[in-house]
Amino acid sequence: MRVDLHTHSHRSDGTDSPAALVRAAAAAGLDVVALTDHDAADGWGAAQRAAGESGVGFVPGIEVSCSLDDGTVHLLAYGVDPAHPGLATELGRVLQGRARRLPGVVRRLRGLGIEITEADVRAVSGEAVAPGRPHVADALIGAGVVGDRREAFVRFLMPGRPAYVPRYGAPLREMLALVAAAGGVAVVAHPWSRGSRRVLSPGALAELARLGLTGVEVWHRDQSERDSRELSALARDLGQVQTGGSDYHGLGKVDHDLGCRTTPPDQLERLLAAMDSAAQQARASDPSVRPAGADLR
Ligand code: AMP
Ligand code: ZN
Ligand code: FE
Ligand code: FE
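So, a few notes on the structure that sits alongside this text.

Reading guide: rules and limits
Residues numbered from 1 in each chain as written. Chains lettered and ligands numbered in written order. Predicted model: local features only at pLDDT ≥ 70, side-chain atom pairs only at ≥ 80, totals over all residues. Heavy atoms only, no water. Donors = N, O, S within 2.8 Å, 3.2 Å for Na, K, Ca; no water. Helix = DSSP H or I, 4+ residues; strand = E, 2+ residues; numbered from the N terminus. Buried < 20%, exposed > 50% of the residue type's maximum accessible area, 1.4 Å probe, protein only. Contact = heavy atoms within 4.5 Å. Near = heavy atom within 4 Å. Polar contact = N/O pair within 3.5 Å; in protein donor to acceptor, adjacent residues only side chain to side chain. Areas by Shrake-Rupley, 256 points an atom, 1.4 Å probe, with all protein chains shown as cover. Nonpolar A, V, L, I, M, F, W, Y, C, P; charged D, E, K, R; others polar. Tetrahedral: all angles 85-135°; square planar, octahedral: opposite > 155°, others 65-115°. Core = buried A, V, L, I, M, F, W, Y, C linked by side-chain atoms within 4.5 Å. Pairing = 2+ DSSP bridges. Salt bridge = Lys/Arg side-chain N within 4 Å of Asp/Glu carboxyl O.

Protein-derived ligands of the iron ion (ligand 3) are Glu-63 (OE), His-74 (ND1) and His-190 (NE2), with the metal-ligand distances lying across 2.1 to 2.2 Å. Motif for the iron ion (ligand 3), donor spacing along one chain: E-x10-H-x115-H. If you look at the iron ion (ligand 3) and the zinc ion (ligand 2), they sit 5.9 Å from each other. Residue His-74 is found in strand S4 (residues 71–78), and its partner His-190 is found in the loop between strand S6 (185–188) and helix H8 (202–210); the two are separated by 116 residues along the sequence. Accessibility classification places His-74 together with His-190 in one group, the buried group.

In structure tokens form, the structure reads like this:
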């Protein structure tokens, strides 16, 4: 059984529609796929319908942009009720932070003599709920300034580069509580990839586990085999579920093909059990919560 728990559609910064992504997952031989767009659940409905038609299991997720002690951490929230007021408010803040950052990024690029406008970025971010740096990259590709997204990040958009502008991230400790209140479970995404390695020491991961973290994304393309071995041992010691996923972005990210990293079936079982009990607990304290739940067949 092949399980990919980390993918992005064009509702955030991927290039496939949610339905096309799920059909591609089926064609790639995956048995279960999660859609985990950045800060949004807008693709879930279409993805779940396509999963039903393709005979693929579906797990609803959101990759939430968080902050921890001045660093950036991505948190995969599975099975939450996206309409939960506290969670929805905080996701709204993150999306607003993305929109607010855009003018500054464009101003900096124009300051470098690059004739690009906010409208150019919005034109390429068409279906996305909010613009991200990858959409700025796409606009730069369209203007003939760079050849691909990676080049745009390396030359302009990464921290330390001339068009980098930071944005709001949800405070991670508070987000863990919101995910639980919204009936879902939280898995820390690519803890030892570029952005988060400095922030997520073994001690920090242990603290997050005490605060209710359910899992650690052990297998991810941006983590070496050695990182994964160390993370796996650490996660085991902390009693965490161990997940893996491709972080597929369609044509937006090379070397992140669907299923290039996967979650072992026994770990999927643990995650699903944790989702069930999180949903029950949240409903027990607030009967109006509607956790999303996985749809496996
Ligand atoms: P943002 O969320 O708008 O700050 O942009 C971050 C997103 O950009 C990440 O989630 C990745 O999808 C993408 N990204 C980050 N670094 C790179 C890179 N070097 N090449 C391509 N995409 C990247
Ligand atoms: Zn992304
Ligand atoms: Fe991420
Ligand atoms: Fe991602």
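Before going further, it helps to spend a moment on the environment of Leu-296. Mapped onto the secondary structure, Leu-296 falls in the segment after helix H10 (265–285). Looking at Leu-296, the relative accessible area reads 36%, which means it is partly exposed. With sequence-adjacent residues up to four places away left out, Leu-296 is seen in contact with Val-32, Gly-57, Phe-58, Val-59, Leu-268 and Leu-272.

Ligand 1 sits among 14 residues. The nearest are Arg-98, Arg-101, Arg-133, Arg-167 and His-249. Between ligand 1 and the protein, one listed contact pairs an oxygen atom with a side-chain N or O atom of Arg-98 at 2.9 Å. At a separation of 3.3 Å, a nitrogen atom of ligand 1 approaches a polar side-chain atom of Arg-194. Summarising the interface, the protein chains cover 90% of the accessible area of ligand 1, which totals 500 Å² for the free molecule. Looking at the shell around ligand 1, its residues break down into two nonpolar, four polar and eight charged.

The coordination sphere of the iron ion (ligand 4), as far as protein atoms go, consists of His-6 (NE2), His-8 (NE2), Glu-63 (OE) and Asp-247 (OD), spread over 2.1 to 2.2 Å. In this structure, the iron ion (ligand 4) is surrounded by four donor atoms whose angles at the metal cover 80 to 166 degrees, and the resulting shape is irregular. Donor residues for the iron ion (ligand 4), ordered by position in the chain, follow H-x1-H-x54-E-x183-D. Take His-8: its relative accessible area is 0%, and that puts it in the buried class. A relative accessible area of 1% means that Glu-63 is categorised as buried.

A separate point is the side chain of His-6. If you trace the backbone, His-6 turns up in the loop between strand S1 (3–4) and helix H1 (18–27). Looking at His-6, its side chain comes within polar contact range of the side chain of His-8, at 3.3 Å. Excluding its chain neighbours within four sequence positions, the residues that come into contact with His-6 are Ala-34, Thr-36, Glu-63, Leu-76, Ala-189, His-190, Glu-217, His-220, Gly-245, Ser-246, Asp-247 and Tyr-248.

Among the nonpolar cores identified, the biggest contains 48 residues, and Val-64, Leu-75, Val-80, Met-175, Val-188, Leu-200 and Leu-213 are the most heavily contacted of them. Counting residues in each nonpolar core, the second largest holds 18 residues, with Val-106, Ile-116, Leu-140 and Ala-152 among its members.

So, about the pairing of strand S3 (residues 57–68). The side chains of a regular strand alternate, residue by residue, between the two faces of the sheet. Of all 12 residues making up S3, 11 are buried, and the element is well covered by its neighbours. Pairing between strand S2 (residues 32–38) and S3: seven bridges, direction parallel. By the bridge assignment for S3, His-38 is matched with Glu-63. The sheet contact formed by S3 and S4 spans eight bridges and is antiparallel. Looking at the pairing, Ser-65 lines up with His-74 of S4. Connecting the antiparallel pair S3 and S4 is a turn made up of two residues, with Asp-69 showing a positive phi of about 50 degrees. Bridge count between S3 and strand S5 (residues 170–171): two bridges; the pairing is parallel. From the neighbouring strand, Cys-66 faces S5, where its bridge partner is Ala-170.

Here the focus is the pattern of salt bridges. Think of it this way: side chains of opposite charge can pair up when their charged atoms draw near. Summed over the entire model, instances satisfying the criterion amount to 13 salt bridges. Across the salt bridge formed by Asp-255 and Arg-221, the nearest N and O atoms sit 3.7 Å from each other. Placement of Asp-255 in the loop between strand S8 (241–244) and H10 and of Arg-221 in the loop between strand S7 (215–219) and helix H9 (225–237) is noted, with a sequence separation of 34 residues between them. Judged by relative accessible area, Arg-221 falls into the partly exposed class, the value being 32%. Connected via shared salt-bridge partners are Asp-69, Arg-173 and Glu-207.

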